[in-house]
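# What the coordinates show
Listed below, chain by chain, are the residues.
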Amino acid sequence: MSRPINSASQPVRQRKPLIYLVDDQPMLLDLAEMSLQKGGYAIKKFDDPERALEAFRKAKSKPALLVTDYAMGKMNGLELIERCKSVHPELKTVLISGTAGAEIVLSSPVKVDRFMGKPYQPANLADLVRLVLSQEQDGVSH
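Note that the structure is a prediction, hence the values are computed from the model and not measured. (Residues numbered from 1 in each chain as written. Predicted model: local features only at pLDDT ≥ 70, side-chain atom pairs only at ≥ 80, totals over all residues. Heavy atoms only, no water.)

### Regarding the packing of helix α1 (residues 26–36) against helix α5 (residues 122–134)
Remark: α1 packs on α5, axes separated minimally by 8 Å, with the N-to-C direction vectors making an angle of 65°. The chirality of how α1 crosses α5 is right-handed. Contacts between α1 and α5 involve Leu-31, Ala-32, Ser-35 and Leu-36 from the former and Pro-122, Leu-125, Ala-126 and Val-129 from the latter. For the contact of α1 with α5, the per-class residue count stands at seven nonpolar, one polar and no charged. (Axes fitted to C-alpha atoms, helices over the stretch in contact; angles between N-to-C directions. Helix = DSSP H or I, 4+ residues; strand = E, 2+ residues; numbered from the N terminus. Left-handed = near helix turned anticlockwise from the far one by under 90°. Contact = heavy atoms within 4.5 Å. Nonpolar A, V, L, I, M, F, W, Y, C, P; charged D, E, K, R; others polar.)

### With respect to empty space enclosed by the protein
Under the counting rule described, the total for this entry stands at one cavity of 30 Å³ or more. The volume enclosed by the largest cavity comes to roughly 90 Å³. Looking at the largest cavity, the residues that line it are Leu-21, Val-22, Asp-23, Leu-28, Leu-29, Ala-32, Val-67, Thr-68, Asp-69, Ile-96, Lys-118 and Tyr-120. Counting only elements with at least two residues in the lining of the largest cavity, the list comes to β1 (18–22), α1 and β3 (65–69). For the lining of the largest cavity, the residue count by class is eight nonpolar, one polar and three charged. (1 Å grid on protein atoms, 1.4 Å probe; cavity = no way out; pocket = protein on both sides within 12 Å on 5 of 7 lines; lining within 4 Å. Points joined across faces, edges and corners; volume = space filled by probe spheres on them.)

### Here's the deal with the packing of aromatic side chains
Each aromatic ring pair is summarised here by two numbers: the centre-to-centre distance and the angle between the ring planes. Applying the stated criterion to the full structure yields two aromatic pairs. Ring plane angle 50° and centroid distance 5.0 Å describe the contact between Tyr-20 and Phe-46, whose orientation is recorded as tilted. Residue Tyr-20 is located in strand β1, and its partner Phe-46 is located in strand β2 (residues 42–46); the two are separated by 26 residues in the primary sequence. Judged by its relative accessible area of 2%, Tyr-20 falls in the buried class. Ring-pair connections join several aromatic residues into one group, and the members of that group are Tyr-20, Phe-46 and Phe-56. It is Lys-62 that lies over the ring of Phe-56; its NZ or CZ is 5.2 Å from the centre. (Phe/Tyr/Trp six-rings, centres within 6.5 Å; stacked < 30°, edge-to-face > 60°. Buried < 20%, exposed > 50% of the residue type's maximum accessible area, 1.4 Å probe, protein only. Lys NZ or Arg CZ within 6 Å of the ring centre and 35° of its normal.)

No statement about biological role is implied by the geometric values presented.
Structure representation (structure tokens):
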């Protein structure tokens, strides 16, 4: 008599975590993408926060993480985070800024998982993203 094949022994394909990167400066957007490429993530880049929000709302599969700049012309990063979280409250977020300090996150009405100042080292962004994605939903913020 033959035994049933153990399906657990077959490799299971895990989906790569999807990350949205939003920055109105294309060079910094490319730097963030290069910083995260070795992490095995699926990345979507947006140089316009309104386009990022529209894509977020339409997406069937929501990103695991939103990494956004703070100071952008049409909408700031906190507004983008707030609007995305109104659609998907479990969204993890990283706010990056060269114009404002971490105090904007502390006084924000919306939860931001981590803040990073500009300029930053690419390896530091990669480490921060790995940390945020590894945290449980009720993990420590700020």
